[in-house]
Amino acid sequence: MSVNLQTPIDYLKGVGPNRADLLRSELGIQTYQDLINLFPNRYIDRTRYYKINQLQRNNAEVQIIGKLTGFKEVAQKRGKRLVANFIDDTGMMELVWFRGQKWIRESLKTGQTYVIFGKTNWFNGKFSMPHPEIELQSEHERHLRSAMQAIYPSTEKLSNKGITNKVLTNIIQQLFLETKGRFVETLPDDVMTELKLIPKSEALFNVHFPKTPELLARAQFRLKFEELFYIQLQLIIKNLINKSKIKGLTFDSVGDYFNTFYKDHLPFDLTNAQKRVLKEIRHDLGSKAQMNRLLQGDVGSGKTIVAFMSMLMGLDNGFQCCLMAPTAILSVQHYQGLLELCKLLNISISLLTGSTKASERKIIHQNLESGELQILIGTHALLEDKVKFKNLGLAIVDEQHRFGVEQRSKLWYKNELPPNVLVMTATPIPRTLAMSVYGDLDISVIDELPAGRKPIKTVHRYDNNRLKVFKFMKDEIALGRQIYIVYPLIQESEKMDYKDLMDGYESVSREFPMPDYQISIVHGKMKPADKDYEMQRFVNGETQIMVATTVIEVGVNVPNASVMIIESAERFGLSQLHQLRGRVGRGAEQSYCILMTSHKLSQDSKTRLETMVRSSDGFEIAEVDLKLRGPGDIMGTQQSGILNLKIADIVKDKDILQEARLHAKNILKADPSLASPAHRVILNTYRQMSKYRNIWNYIS
Ligand code: ADP
Ligand code: MG
């Protein structure tokens, strides 16, 4: 009979209620199953012994054979510590205990040979090892040792309470004894054969107690694959369920608006990427299911025209459409841009923001309900209950990371049937990550910039080169161009940032005096109306320089601006730098981005600056960002459970992720309900997971 892996760990020999509580609270381990899935962080070589004179000041974990030559107690601020001298034939070091001193004093003897293991510190001119694992050499000889001993995740509290790595190892060993190391297989035969995966039981054994480095690698591969495979399976199933359950509004035909615009009014040739994306959208809109699509495209890749043409498909089928942007300025820009196009086609379009006058607002509300108004552009104001559409067919959300998922879904409830939804973002989320995080959305990517764009020249300059930078600014302004100077974000608490901005503004004002020069300033502490006013002056070309914080980060379009200067650039994240740089290079002129920093730069800052100077590819930059910061900080991933991976790493294991997704997809394509006997093992595992582990935590 096999052991039930859902047994609480309290029942495992050697655990007991106290340890069980600690394992639960510190590592979230409730059951046998959880314990088996506590995967080592790394492995160390326990076949290697160091001499004291070989130690390095690097805090490494080492194993040393030697003798205790004496104890002393040293008083300290609170209580005392116990220090033992430990020697081998090359030198002397100290072992230190802050707790459990009585027991140590009684059980360890001077003159005997011990093997110690632990992290070394360099302190007061000598090496010491606090709370070493220590055992008599004779006892040590009896254990099996491996060149790859597992080191498990731990917490300070666990080690303080005596649950050391050795104890954890013993507990896991006990679990293998009780279960005889036999675990139910969770992957189907054909996948196992195709990928030459080792069986589950063998993988689990070798990940905890590797026999050889090769077996360890194969064990890790198999377990990572399995983990990613089931997550992908869940995501794809969720997506399929959405598609079959959520009936959407179907846009059957492509009609006059779209065709006329395409034939007669398209201001430029679409890029191939834009064409492809439009086809994907067209396919969704023509199907019976609700569209839920994420449109990714780097800044300047031309998402707006795609949005507009998608709206035309809606209008051609008698539906209304809306476009929601995160700021008033952006909404105004969209409105002004699209108004021109709408005039050509005789389409009615309105703008609704927080500052729309009550009288205008009333008219908009009426025309929306009567169906007279075809396109509505605006901010969050669109979400208000008073805003009622006659028949909203397509809702487009620009720069989605500024909106929560909740706001997104609020748009749905403006109809009996949910409108089709297109979410546009310029935050280039690496594809691998996107498909894990947004697995329930379909994804389109515009991965090509319109032809003829001049790449932005990016340089890194130190603060002491500022005079040269000022000179360069004057030259550009003399050519009729405009310039942004951006400072790090102002937060309430950060007085320094505010001071930096104001100091900067003052020195720029001195260097660029009125009336020859006009300067705008925009920051987070200003009233929205004042911000809009200053911004608008810059947009209209009344001011040549815009001194600002990152409030201008999203979407503003001033094609005449050709220089972006970023102050304290080392303090910005990579994706933010890239977004800021995207504010220039929108016109026909050569554009520049100047990253200003002090000389003090961390390694990460240097990597960020070098990446910016080298690359203008948003996706490449996002990959570097992901490597530097981990997925936790990337926009939109914060709440997604993809961070709860137990063994796989979303960045390092993206090839495995791709493989896993492909297999999950193919299996579901061939057998959507997992009914075939060959897939029984998947169905069982899937059910088991949803039952016990609340797999939805993984997803959203
Ligand atoms: P984003 O994707 O950042 O929202 P926009 O839609 O604002 O980019 O487009 C940036 C600029 O590129 C706009 O001025 C737009 O008119 C122009 N543009 C878009 N597509 C093309 C194209 N295929 N060829 C030339 N210019 C284009
Ligand atoms: Mg845009």
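Residues numbered from 1 in each chain as written. Chains lettered and ligands numbered in written order. Predicted model: local features only at pLDDT ≥ 70, side-chain atom pairs only at ≥ 80, totals over all residues. Heavy atoms only, no water.

**Q** Would you mind showing me how to read the sheet that holds strand 15 (residues 420-425) here?
**A** Within a sheet, neighbouring strands are paired by backbone hydrogen bonds and run either parallel or antiparallel to one another. A sheet is described by the order of its strands in space; here seven strands give the open sequence 12-13-11-14-15-10-16, paired in parallel fashion. On the outer flanks of this sheet lie strand 12 (349-352) and strand 16 (442-446), each paired with one strand and no other. Shown here is a sheet whose adjacent strand axes are inclined to one another by a mean of 20°, direction ignored. In this sheet, strand 15 lies alongside strand 10 (residues 292-297) in parallel orientation, the contact comprising five bridges. Across the sheet, the residue bridging to Asn292 is Val421, located in strand 15. With respect to the sheet, helix 11 (residues 272-286) is in contact with strand 10, strand 15 and strand 16, its orientation differing from that of strand 16 by roughly 160°. (Pairing = 2+ DSSP bridges. Helix = DSSP H or I, 4+ residues; strand = E, 2+ residues; numbered from the N terminus. Axes fitted to C-alpha atoms, helices over the stretch in contact; angles between N-to-C directions. Contact = heavy atoms within 4.5 Å.)

**Q** So what exactly am I meant to see when it comes to unusual backbone geometry here?
**A** With the exception of glycine, most residues fall at negative phi, and the peptide bonds are largely trans. Going from Met514 to Pro515, the amide bond is cis rather than trans, its omega being 0°. Tracing the sequence through the fold places Pro515 in the loop between helix 18 (495-511) and strand 19 (519-522). One non-glycine residue, Asn124, adopts positive backbone phi at about 50°. Relative to the elements of secondary structure, Asn124 occurs in the loop between strand 6 (121-123) and strand 7 (126-130). In this structure, Lys196 takes a positive phi of about 50° despite not being glycine. With respect to the helices, strands and loops of the structure, Lys196 is situated in the loop between helix 7 (189-195) and helix 8 (200-208).

**Q** Even after reading the chapter, I still don't get helix 18, so can you show me in this structure?
**A** Given 3.6 residues per helical turn, the α-helix brings residues three or four places apart onto the same face. Compared with the 24 Å implied by 1.5 Å per residue over 17 residues, the 24 Å span of helix 18 between its first and last C-alpha is a close match. Every buried residue of helix 18 is accounted for by Asp497, Leu501, Gly504 and Val508. Angular distribution of buried residues about the axis of helix 18 spans 65°; they occupy a single face of the element. The outward face of helix 18, more than 90 degrees from its buried face, is lined by the exposed residues Lys495, Met496 and Arg510. Residues of helix 18 that are buried sit in contact with helix 17 (466-478), strand 18 (482-486), strand 19 and strand 20 (545-548). (Expected span 1.5 Å × (residues − 1). Buried < 20%, exposed > 50% of the residue type's maximum accessible area, 1.4 Å probe, protein only. Arc of directions from axis to C-beta.)

**Q** Can you walk me through the packing of aromatic side chains in this structure?
**A** We describe a pair of aromatic rings using the distance from one ring centre to the other and the angle between the two ring planes. One pass over the structure, following the stated rule, counts 14 aromatic pairs. What links up through ring pairs into an aromatic cluster is the set Phe176, Phe183, Phe205 and Phe209. Residue placement shows Arg48 over the ring face of Tyr50; its charged tip is 4.2 Å from the ring centre. Its guanidinium or amino end placed over the ring of Phe512, Lys474 lies 5.3 Å from that ring's centre, counting from NZ or CZ. (Phe/Tyr/Trp six-rings, centres within 6.5 Å; stacked < 30°, edge-to-face > 60°. Lys NZ or Arg CZ within 6 Å of the ring centre and 35° of its normal.)

**Q** Explain the pairing of strand 13 (residues 375-378) here, please?
**A** Along any regular strand, the residues point their side chains to alternate faces of the sheet. Taking every second residue as pointing to the same face, both faces of strand 13 are buried, with Ile375 and Ile377 on one and Leu376 and Gly378 on the other. Bridging between strand 12 and strand 13 involves four bridges; their strand directions are parallel. Directly across from Leu351, in strand 13, lies its bridge partner Ile377. In terms of handedness, the path from strand 12 via helix 14 (residues 358-370) over to strand 13 forms a crossover that is right-handed. (Right-handed = clockwise from strand over helix to strand, strands pointing away.)

**Q** Explain the site of ligand 1 here, please?
**A** Surrounding ligand 1, one finds 15 residues, the nearest of these being Asp269, Gly300, Lys303, Thr304 and Arg453. In this structure, Gln274 approaches ligand 1 through a side-chain N or O atom, which is 2.9 Å from a nitrogen atom. Between ligand 1 and the protein, one listed contact pairs an oxygen atom with a side-chain N or O atom of Thr304 at 2.6 Å. Here ligand 1, which alone exposes 560 Å², has 77% of that area covered by the protein. A breakdown of the residues in the shell around ligand 1 according to their chemical character gives four nonpolar, six polar and five charged. (Near = heavy atom within 4 Å. Polar contact = N/O pair within 3.5 Å; in protein donor to acceptor, adjacent residues only side chain to side chain. Areas by Shrake-Rupley, 256 points an atom, 1.4 Å probe, with all protein chains shown as cover. Nonpolar A, V, L, I, M, F, W, Y, C, P; charged D, E, K, R; others polar.)

**Q** Looking at this structure, I do not really get the pairing of strand 15. What am I missing?
**A** Across the six residues of strand 15, six count as buried, placing the element largely inside the fold. Of the two faces of strand 15, the one lined by Asn420, Leu422 and Met424 and the one lined by Val421, Val423 and Thr425 are each fully buried. Where strand 14 (residues 392-398) and strand 15 come together, five bridges link them in parallel fashion. Directly across from Ala395, in strand 15, lies its bridge partner Val421.

**Q** Is there a simple way to explain helix 1 (residues 16-27) in this structure?
**A** End to end, helix 1 covers 16 Å across twelve residues, agreeing with the expected 16 Å (1.5 Å per residue, within 8%). Among the residues making up helix 1, those that are buried are Ala20, Leu22 and Leu23. The arc that holds every buried residue of helix 1, seen down its axis, measures 165°, which confines them to one face. Facing away from the buried surface of helix 1 by more than 90 degrees, the exposed residues are Pro17, Asn18 and Ser25. As for helix 1, its buried residues are in contact with helix 5 (156-160) and helix 6 (165-179).

**Q** Which parts of the structure should I look at to understand the nonpolar core?
**A** What tends to happen in soluble globular proteins is that the nonpolar side chains get buried as a cluster. Phe308 and Ile375 are the most contacted members of the largest nonpolar core, which has 39 residues in total. Ranked by residue count, the leading element in this core is helix 12 (residues 303-316), at nine residues. Membership of the second largest hydrophobic core comes to 35 residues, among which are Ile172, Leu175, Phe183 and Ile647. (Core = buried A, V, L, I, M, F, W, Y, C linked by side-chain atoms within 4.5 Å.)

**Q** Could you clarify how one ought to interpret the domain arrangement of the chain in this entry?
**A** Domain boundaries in the chain define domain 1 (47-144), domain 2 (256-286 + 302-425) and domain 3 (457-615). Put simply, the middle of domain 1 and the middle of domain 3, counted by C-alpha atoms, are 56 Å apart. (Domains from an automatic or database assignment.)

**Q** Help me understand the sheet that holds strand 2 (residues 61-75), please; the structure alone is not making it clear to me.
**A** Taking strand neighbours across the sheet as the criterion, the seven strands line up as 6-7-4-3-2-5-8 in an open arrangement whose pairing is mixed. Looking at strand neighbours, the two that pair on one side only are strand 6 and strand 8 (133-136), the edges of this open sheet. Across the sheet, the mean angle from the axis of one strand to that of its neighbour is 45°, orientation sign disregarded.

**Q** Please explain the pattern of salt bridges as it appears in this structure.
**A** When charged atoms on two side chains of opposite charge get close, those side chains can pair. Applying the stated criterion to the full structure yields 26 salt bridges. A salt bridge links Arg24 to Asp10; its shortest N-O distance comes to 3.0 Å. Of this pair, Arg24 sits in helix 1 while Asp10 sits in the segment before helix 1, and the two are 14 residues apart along the sequence. The exposure class assigned to Asp10 is partly exposed, which follows from its relative accessible area of 29%. Across the salt bridge formed by Lys72 and Glu94, the nearest N and O atoms sit 3.6 Å from each other. You can see Lys72 sitting in strand 2 and its partner Glu94 sitting in strand 4 (residues 91-97), a full 22 residues away along the chain. Taking relative accessible area as the criterion, Lys72 reaches 42% and is therefore assigned partly exposed. (Salt bridge = Lys/Arg side-chain N within 4 Å of Asp/Glu carboxyl O.)

**Q** Is there a simple way to explain the confidence of the model for the chain in this structure?
**A** Regions with low pLDDT carry predicted coordinates that are not meant to be interpreted in detail. Averaged over all residues, the pLDDT of the chain is 86; the fraction at 70 or higher stands at 90%. Looking at the elements of the chain, mean pLDDT is at its lowest for helix 25 (residues 696-699), recorded as 36, and at its highest for strand 12, recorded as 97. Confidence drops under pLDDT 50 across residues 693-700; counting only partners more than four residues distant or on other chains, this segment forms 24 contacts. (pLDDT = per-residue confidence, 0-100.)

**Q** Is there a simple way to think about the packing of helix 10 (residues 256-265) against helix 12 in this case?
**A** How two helices sit against one another is set out by the angle between their axes and by the gap between those axes. Where helix 10 contacts helix 12, the axes come no closer than 7 Å and their chain directions differ by 140°. Residue-level contacts link Asp256, Tyr257, Phe258, Phe261 and Tyr262 of helix 10 to Ile305, Phe308, Met309, Leu312, Met313, Leu315 and Asp316 of helix 12. When the residues that make up the contact of helix 10 with helix 12 are grouped by side-chain class, the tally is ten nonpolar, no polar and two charged.

**Q** Would you take a moment to explain the side chain of Asn317 for this structure?
**A** Structurally, the position occupied by Asn317 is in the loop between helix 12 and strand 11 (320-324). A distance of 3.0 Å separates a polar atom in the side chain of Asn317 from the backbone nitrogen of Asp252. Within the local environment of Asn317, its side chain forms a polar contact with the backbone oxygen of Ser253, the two atoms lying 2.9 Å apart. Setting aside its immediate chain neighbours within four residues, Asn317 contacts Phe251, Asp252 and Ser253.

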